[in-house]
Number of protein chains: 2
Amino acid sequence: MKIIGQMGGKLNKRMLDFSSRERFKNFLKRLAERVKVAEGVDAIESILRCIYRNQPVSTKRISQYTKLPLPVVSKVRSILERSRILKRDEKGAVYTEYGKNLVENNLKFKMKMDLKCPTCKGRGIILDENFKNILRRHREYAKLRPKVNTRIDQSHATPETAVYRAAIMADRGDLEGKKVLFIGDDDLTSIPSAMTGFPEEVVVMDIDERLLNLIDEISKREGLNIETVKQDFREELDRKYWGRFDTVFTDPPYTLNGLKLFLSRGVEGLGEGDRGVLYLAFSHKPIEEYLEVQRIVNSMNFAIYELIPGFNIYEGSEIIGNTTFLARLVGKNLKKFKKEEIDLSKLYTGEVRPTLRYYRCLKCGRVYKVDGRNVVIEDLICECGGRKFKMVKREKVKNRN
Amino acid sequence: MKIIGQMGGKLNKRMLDFSSRERFKNFLKRLAERVKVAEGVDAIESILRCIYRNQPVSTKRISQYTKLPLPVVSKVRSILERSRILKRDEKGAVYTEYGKNLVENNLKFKMKMDLKCPTCKGRGIILDENFKNILRRHREYAKLRPKVNTRIDQSHATPETAVYRAAIMADRGDLEGKKVLFIGDDDLTSIPSAMTGFPEEVVVMDIDERLLNLIDEISKREGLNIETVKQDFREELDRKYWGRFDTVFTDPPYTLNGLKLFLSRGVEGLGEGDRGVLYLAFSHKPIEEYLEVQRIVNSMNFAIYELIPGFNIYEGSEIIGNTTFLARLVGKNLKKFKKEEIDLSKLYTGEVRPTLRYYRCLKCGRVYKVDGRNVVIEDLICECGGRKFKMVKREKVKNRN
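Keep in mind the model is a prediction, meaning the values are calculated, not measured.

Draft legend 1. Structural detail: helix α11 (residues 256–270) of chain B. A rise of 1.5 Å per residue sets the reference length of α11(B), with its 15 residues, at 21 Å; its end C-alpha atoms lie 21 Å apart and thus fit the reference within 8%. Once α11(B) ends, the next one or two residues include Gly271(B), with phi positive near 110°.

Right, dumping it as structure tokens:
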């Protein structure tokens, strides 16, 4: 634990004197500053609330619940343990008696359970027999997905997520009889969407040929009639696809330039100046970036008709807290960004926020440095032959743009 | 039926020749133009889809489902009946065999049921025992609400809606230990919110003294400790309230100026330049207006963290389709609009879109003209003594601003 950041040793007595509410709140504020979390004290409160309602709870689940990056949650948890507010149960974080009293008295926590709908997990929709059947089949295909390429921000949404995406698009009337375009599809969302038999046409564009080949293969076996197109999204779509589609789905790189680029390709598919529906999966961001995301979306004449936090769940991408939101955008008189308005050198998170990560081999303990550009985690093999690693530290190479 | 608009007699043969898909789509397009619905052919498809999945279904329910105004739905339904696509069952609209084939062949409708979660009705949250108990108590108080004043766009959300609002605020951590301000509260959402015992402070501001008196009375009886303040939102809040609150709830008049005004008062309560959470109930709008709403919200530095369509259900306000969305806005470095940026002469829908409505007395059949300014429906008493009316026609007095 000690390796992640510098938080040991510095908890002096004044900091742990919570005899007044003001002091406790100040402690939370300093804690937020120390872990450098953009959401500030709200983030700390949200972690405390999650544990209060769900204890014992794992760091990973706290991260999903609060939508905060795993390393942040892990640091906060560690400091709270050292402050005797939390302790470690074998199943995860729990409050000490002292900690429980602190948050009940100072933050007025009372609710012992969430009100999240147990049936739909807050997504608002369910899978009927048809979609459950699709999920069973899709689970097998999802196992065949090629290894992620983190250089281009690939990460795998769970098979359930892909099927729920198809279900919500179907429910909202955006699949039946519609021409549907996937701008990138490393999650294979096109497969359950086409399995419904609802769309009139399904086209998948991606730069990754491994993926396109797999989709071709599944499409052939299942008779899905999906068209695949190799496409570098830095280039415009072939004119024959302009204005062809009713519905677009995209889960772009989680950078502002990535967003502009993928949405602009989406607008080409829907038709500049036309109407259209675009489903956007995007990571939960601190307020300033959220605002930028929404300004970009609005400037293209897309309105946010619906936004469901935590709709998409990913396998193992802890940095974004494993979940992203799903927004249903409806646009009219659509506009795309011009080439010169997008900085193509800052499309991927590794380019915008260069980060060094240190991974320890789970077999022999050797530690490796991974920069996400020259060395990526999925290619890492330890000298001892080990292929399983645990991230033990990360540091920013320079500031965000 | 004939009274609502001019749609009889004009269905010529060419219009009803659906031998090709193109022709059917053209028919839908002309239908959209004829009923002057801003959402165009999407709106017509959405009505057809709703009936396909829910038949037999009442006009009112179609309106709730599609979020389209009741008079639009009613006109469309009537034309579709005359075109032999729909027929009238005693329980509502159903397809004719001919109509069913038409939409299955041309719109590719296949889904026989929605996927909306049956447990939470798509809201994503549920009421636990505590909130169910609050609902039972709140239902009785809701009956005491003063008659709506439609001049200032009052309309009553159902008691369930008020309790679900309290529940989602509680679930998201925006009630416990928080200072909560209601900018207007003709729905009495403050009552279930305070009944939870979660907030540190609840303040309700409204211009309607009848309402404030009722809230005072309930607060006293239940020991809720709600503070009520008579406030004309055209004026700034008293300085002592500036920056005092953590959470604001508002369901403003559904005009852009109403939105700017109520949100600006909200920003005063949260603190200019500060962080804060604001829950906004607002009506579903055509895309252009949706975009304007989101631009207004963004320009105040609020980001839309969550947007749930149809969350709020109202009693009898058919014009907005009986439902509005609920958005959870999170802001930082908040900004309000300056006085000169808000047109105070266009706050209420009756000012922006003056409309004449004709109501027929259900007892004797006399028809009355209601302009929503000099005469309002809630004050209407028929010469025969009847107090129940049905709207039979509406017409715009002049164009929107």
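There's more to say after this.
Draft legend 2. Focus on the interface of chain B and chain A. With 58 residues of chain B in contact, the opposing surface of chain A contributes 58 residues. Here chain B meets chain A over a buried area of about 4800 Å², counting both sides, of which 49% is carbon and sulfur. Applying the counting criterion to the chain B and chain A interface returns 12 salt bridges. The partner of Asp171(A) in a salt bridge is Arg53(B), and the shortest N-O contact between them spans 3.6 Å. Inspection of the chain B/chain A interface yields 44 residue pairs in polar contact (both at pLDDT 80 or more).

Draft legend 3. Seen up close, the packing of α11(B) against helix α12 (residues 287–299) of chain B. Residues and elements named next belong to chain B. Look at α11 against α12: their axes get within 10 Å of each other, and the N-to-C directions meet at 20°. Considering the angle they form, α11 stands roughly parallel to α12. Handedness of the α11/α12 crossing: right-handed. For the pair formed by α11 and α12, the contact residues are Leu-256, Leu-259, Lys-260 and Leu-263 on the first element and Glu-289, Glu-292, Val-293, Ile-296 and Val-297 on the second. Taken together, the residues of the contact of α11 with α12 break down into 6 nonpolar, no polar and 3 charged.

Draft legend 4. Structural context of the pairing of strand β8 (residues 302–313) of chain A. Residues and elements named next belong to chain A. Among the 12 residues in β8, 9 count as buried, and that is most of the element. Pairing of β8 with strand β9 (residues 323–331) involves 8 bridges; the strand directions are antiparallel. Residue pairing for β9: Asn-312 is matched across the bridge by Thr-324.

Draft legend 5. Local environment of the sheet that holds strand β12 (residues 389–396) of chain A. Residues and elements named next belong to chain A. Spatially, β11-β10-β12 is the arrangement adopted by the 3 strands of the open sheet, whose pairing is antiparallel. In this open sheet, the two strands that pair with only one neighbour each are β11 (367–370) and β12. The average angle at which neighbouring strand axes cross in this sheet is 25°, direction not considered. Strand direction decides the pairing type here: strand β10 (residues 355–361) and β11, joined by 4 bridges, are antiparallel. Residue pairing in the sheet places Tyr-358 in a bridge with Lys-369 of β11.

Draft legend 6. Seen up close, the pattern of salt bridges. Throughout the structure, instances matching the rule amount to 69 salt bridges over all chains. Between Arg139(A) and Glu160(A) there is a salt bridge, with its nearest N and O atoms 2.4 Å apart. You can see Arg139(A) sitting in helix α6 (residues 129–142) and its partner Glu160(A) sitting in helix α7 (residues 159–171), a full 21 residues away along the chain. Connected via shared salt-bridge partners are Arg53(A), Asp114(A), Asp171(B), Arg172(B), Glu176(B) and Glu306(B).

Draft legend 7. Just the relation of the copies chain B and chain A, in detail. Least-squares fitting of chain B to chain A yields an RMSD of 0.1 Å, with the superposition described by an axial translation of 0.0 Å and a rotation of 180°. Within this description, the copies of the chain are treated as partners about a two-fold rotation axis. Comparing interface residues between copies, 100% of those in chain B also sit at the interface in chain A, which points to an isologous, same-surface contact.

Draft legend 8. Quick look at unusual backbone geometry. Looking along the chain, the bond that leaves Gln55(A) and enters Pro56(A) is cis, with omega of -5°. By the secondary structure assignment, Pro56(A) is in the loop between α2 (41–54) and α3 (59–66). With a phi close to 75°, Asn301(A) is a non-glycine residue in the positive phi region. Among the secondary structure elements, Asn301(A) is positioned in the loop between α11 (287–299) and β8. The backbone phi angle of Arg84(B) is positive, close to 65°, even though this residue is not glycine.

Draft legend 9. Layout of the environment of Phe282(A). All names here are of chain A. The residue Phe-282 is located in strand β7 (residues 276–283) in this model. The spatial distance from the C-alpha of Phe-282 to the C-alpha of Lys-29 is 28 Å, given a sequence separation of 253 residues. For Phe-282, the residues in contact, after removing those within four places along its chain, are Pro-252, Pro-253, Tyr-254, Thr-255, Leu-259, Val-293, Thr-324 and Phe-325.

Draft legend 10. Examining the sheet that holds strand β11 (residues 367–370) of chain B more closely. Residue and element names in this part refer to chain B. Strand order in the open sheet made by the 3 strands is β11-β10-β12, with antiparallel pairing throughout. The outermost strands of the open sheet, each flanked by one partner alone, are β11 and β12 (389–396). Across the sheet, the mean angle separating the axes of adjacent strands is 25° when strand polarity is ignored. Pairing of strand β10 (residues 355–361) with β12, which is carried by 7 bridges, proceeds in the antiparallel orientation. If you follow Cys-361 over to β12, its bridge partner there is Phe-389.

Draft legend 11. Structural context of the nonpolar core. The biggest cluster of nonpolar side chains holds 164 residues, and the ones touching the most others in it are Phe131(A), Ile191(A), Phe302(A), Phe131(B) and Phe302(B). Setting aside residues up to four positions removed in sequence, Phe302(B) forms contacts with Leu291(A), Val267(B), Leu270(B), Gly276(B), Leu278(B), Val297(B), Leu329(B), Val330(B), Gly331(B) and Leu334(B).

Draft legend 12. View of α2(A). All names here are of chain A. In this model α2 runs 20 Å from its N-terminal to its C-terminal C-alpha over 14 residues, within 8% of the 20 Å that 1.5 Å per residue would give. The buried fraction of α2 amounts to 12 of the 14 residues, a majority that puts the element mostly inside the structure. By the burial criterion, the buried members of α2 are Ala-43, Ile-44, Glu-45, Ser-46, Ile-47, Leu-48, Arg-49, Cys-50, Ile-51, Tyr-52, Arg-53 and Asn-54.

Draft legend 13. Up close: the packing of aromatic side chains. One pass over the full model with this rule turns up 20 aromatic pairs over all chains. Ring centres of Tyr52(A) and Phe109(A) lie 5.4 Å apart, and the angle between their planes is 50°; this geometry places the pair in the tilted category. Within this pair, whereas Tyr52(A) is found in helix α2, its partner Phe109(A) is found in the loop between α5 (97–106) and α6, the two being separated by 57 residues in sequence. Residue classification places Phe109(A) among the buried positions, given a relative accessible area of 3%. Three or more aromatic residues joined by ring pairs form one cluster here, namely Tyr254(A), Phe282(A), Tyr290(A), Phe325(A) and Tyr305(B). The cationic tip of Arg84(A) hangs over the ring face of Tyr98(A); the distance from NZ or CZ to the ring centre is 5.2 Å. Of note, Arg123(A) hangs over the ring of Phe311(A), and the distance from its end group to the ring centre comes to 5.0 Å.

Quick notes on the rules
Residues numbered from 1 in each chain as written. Chains lettered and ligands numbered in written order. Predicted model: local features only at pLDDT ≥ 70, side-chain atom pairs only at ≥ 80, totals over all residues. Heavy atoms only, no water. Helix = DSSP H or I, 4+ residues; strand = E, 2+ residues; numbered from the N terminus. Expected span 1.5 Å × (residues − 1). Contact = heavy atoms within 4.5 Å. Buried area = accessible area lost by both parts, 1.4 Å probe. Salt bridge = Lys/Arg side-chain N within 4 Å of Asp/Glu carboxyl O. Polar contact = N/O pair within 3.5 Å; in protein donor to acceptor, adjacent residues only side chain to side chain. Axes fitted to C-alpha atoms, helices over the stretch in contact; angles between N-to-C directions. Parallel < 35°, antiparallel > 145°, perpendicular 65-115°, else oblique. Left-handed = near helix turned anticlockwise from the far one by under 90°. Nonpolar A, V, L, I, M, F, W, Y, C, P; charged D, E, K, R; others polar. Buried < 20%, exposed > 50% of the residue type's maximum accessible area, 1.4 Å probe, protein only. Pairing = 2+ DSSP bridges. Least-squares fit on C-alpha atoms with pLDDT ≥ 70 in both. Core = buried A, V, L, I, M, F, W, Y, C linked by side-chain atoms within 4.5 Å. Phe/Tyr/Trp six-rings, centres within 6.5 Å; stacked < 30°, edge-to-face > 60°. Lys NZ or Arg CZ within 6 Å of the ring centre and 35° of its normal.

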